[in-house]
Amino acid sequence: MRLTPVQKMKNISSRNFMNNYMKPGLPVILKNFIDQESPAFKKWNYTYFKEIAGDRKVNIYGSELDSLDRVASPPIAQTSFSEYLDLIDSTPTEHRLFLFNLLTIKPELKDDIYYNDVTNGKILKWLPFMFFGGKGSVTRNHIDIDMSHVFITQFQGIKRIWLFPWEQSDLMYKLPYNFHSLANIKTPDYRQYPALLHLKGYEAILHPGETLYIPSGWWHYIQYETEGYSVSVRALPSSLLEKWRGFKNLVITRNFDNIMRNIFKEKWFRYKVKKAETRGSKAFRKQKSFQV
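The structure contained in this document is the topic of the report that follows. Values in this document were obtained by computation on a predicted structure and should not be read as measured data. (Residues numbered from 1 in each chain as written. Predicted model: local features only at pLDDT ≥ 70, side-chain atom pairs only at ≥ 80, totals over all residues. Heavy atoms only, no water.)

## Quick look at a nonpolar patch on the surface
Turning to step 1, where the next piece is worked out: There is a patch of nonpolar side chains on the surface, built from L241, W244, F247, L250, V251 and I252 and spanning about 540 Å² of accessible area.
Turning to step 2, where the next piece is worked out: By the element assignment, L250 lies in helix α6 (residues 240–264).
Turning to step 3, where the next piece is worked out: Judged by relative accessible area, which is 31%, L250 ranks as partly exposed. (Patch = residues over 30% accessible without salt bridge, like charges linked within 9 Å, V, L, I, M, F, W, Y side chains within 5 Å. Areas by Shrake-Rupley, 256 points an atom, 1.4 Å probe, with all protein chains shown as cover. Salt bridge = Lys/Arg side-chain N within 4 Å of Asp/Glu carboxyl O. Helix = DSSP H or I, 4+ residues; strand = E, 2+ residues; numbered from the N terminus. Buried < 20%, exposed > 50% of the residue type's maximum accessible area, 1.4 Å probe, protein only.)

## Some thoughts on the sheet that holds strand β13 (residues 219–224)
Turning to step 1, where the next piece is worked out: Taking strand neighbours across the sheet as the criterion, the 5 strands line up as β1-β11-β10-β13-β8 in an open arrangement whose pairing is mixed. Since the sheet does not close on itself, it has two edges, and those belong to β1 (2–5) and β8 (138–142), each with one partner. Sheet twist, expressed as the mean angle between neighbouring strand axes with direction ignored, is 25 degrees.
Turning to step 2, where the next piece is worked out: Two elements, strand β10 (residues 159–164) and β13, share 6 bridges in a ladder whose sense is antiparallel. When the bridges of β13 are listed, L163 appears paired with H220. (Pairing = 2+ DSSP bridges. Axes fitted to C-alpha atoms, helices over the stretch in contact; angles between N-to-C directions.)

## Section: the packing of helix α3 (residues 46–53) against helix α4 (residues 81–90)
Turning to step 1, where the next piece is worked out: Between α3 and α4, the shortest axis-to-axis distance is 9 Å and the interhelical angle comes to 165 degrees. When the interaxial angle is binned, α3 and α4 end up roughly antiparallel. The chirality of how α3 crosses α4 is left-handed. Between α3 and α4, the residues in contact are Y46, F49, K50 and A53 and F81, S82, L85, D86, I88 and D89, respectively.
Turning to step 2, where the next piece is worked out: By residue class, the composition of the contact of α3 with α4 is 6 nonpolar, 1 polar and 3 charged. (Parallel < 35°, antiparallel > 145°, perpendicular 65-115°, else oblique. Left-handed = near helix turned anticlockwise from the far one by under 90°. Contact = heavy atoms within 4.5 Å. Nonpolar A, V, L, I, M, F, W, Y, C, P; charged D, E, K, R; others polar.)

## Some remarks on the sheet that holds strand β9 (residues 149–156)
Turning to step 1, where the next piece is worked out: Taken together, the 9 strands give an open sheet; going across it, the order is β2-β3-β12-β9-β14-β7-β6-β4-β5, and neighbouring strands pair in mixed fashion. Edge strands, defined here as strands with exactly one partner in the open sheet, are β2 (8–9) and β5 (77–80).

## A short note on the packing of aromatic side chains
Turning to step 1, where the next piece is worked out: Within this structure, the stated rule accounts for 26 aromatic pairs.
Turning to step 2, where the next piece is worked out: Ring centres 5.9 Å apart and planes at 70 degrees place the aromatic pair F33 and Y115 in the edge-to-face group. Taken together, the residues span a long stretch of sequence, with F33 in the loop between β3 (28–30) and α2 (40–43) and Y115 in the loop between α5 (102–105) and β7 (129–133) at a distance of 82 residues. Here the two residues F33 and Y115 agree in accessibility, since each one is buried.
Turning to step 3, where the next piece is worked out: An aromatic cluster of at least three residues, connected via ring pairs, comprises F41, W44, Y46, Y48, F49, F81, F100, F132, F155 and Y229. (Phe/Tyr/Trp six-rings, centres within 6.5 Å; stacked < 30°, edge-to-face > 60°.)

What follows is the structure, encoded as C-alpha cells:
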C-alpha cells in the first residue's frame, strides 16, 4: 500500500478548485474553506456544548470491525452528551458518536460558520453533520452511500484520513451490496489479502481550521489522532453516473441487502465474503500481470 500526502491549498479560486480538483475528482486540503473569522472558532468548546446540550442522551459506538455485515454497528452504550465529552477529554477511547448531530439539535449553531464556497453554490450549507470521537477511535474504510462530494472541517483535534479512488474497490475487497471493505487496512494482513499491496491512495493529516475535500465515490478511512470533533457538508454528485450510483445505493442496493440478510442470514454474509475475496484475487492477478 502506498500513500501520497494530500496537497494543501490556501485562497484557491473557485475556477481552480472546480477545474483541478472537483471535476477530475482529486482530494485536496483547503486552508480557509471555513472563514477563520467564523464565530465557531471562538465560542465552540466542550464547556459551551455541555451548557447548551449536555443533558441530551447519546448513543455510544465502538469498533466497527465486528459488524462487517452491516452498514453501521449497533451502539454499545448510552450516556449523556456531557458525560461523553468528559470521557473523551480525559482519556483515550475508541468510543465515537454516530448519527448525533448537534447542528440539528441546535440549528442556531449553523450561523456560527461562514463558508468560503469554492463550489459556486453546490454545497448544501443547510445540511451539515457533526462528528465526535476519542483519541484512537476509527471509522472503518468506507464509501458514502449517497456518492456525494464531502467537505470535512476539523474544529478540534487532529484526524488522519486515508483516501482511495472508487476504481480500487476490488483491491480492498469491497463487500458486495455493502459500502465498506472486508479487509482491515489499518493493520493489513497481506497474506490473506495480497491485493492490498497494490493500493495507491492519499493520506491527509487534518488540523483545526483545515477542510478535506473528498470526491464523490472515494473510499476513506478515518482515525482520531487526538480526541476532537469536525463538521462536514456535502455537494451532490454532478455526473449522471454518480447520481445513478447514489440513487441505486440508497433505494435499491441497501434494501435488497437487508431483505437477503433477513432471509438467508449467515449464508448471505458468507456469499458476500467469498465474492469479495474472488474479486480481490482477480484484481491482484491483474496488477501482477501489469508488472511482468
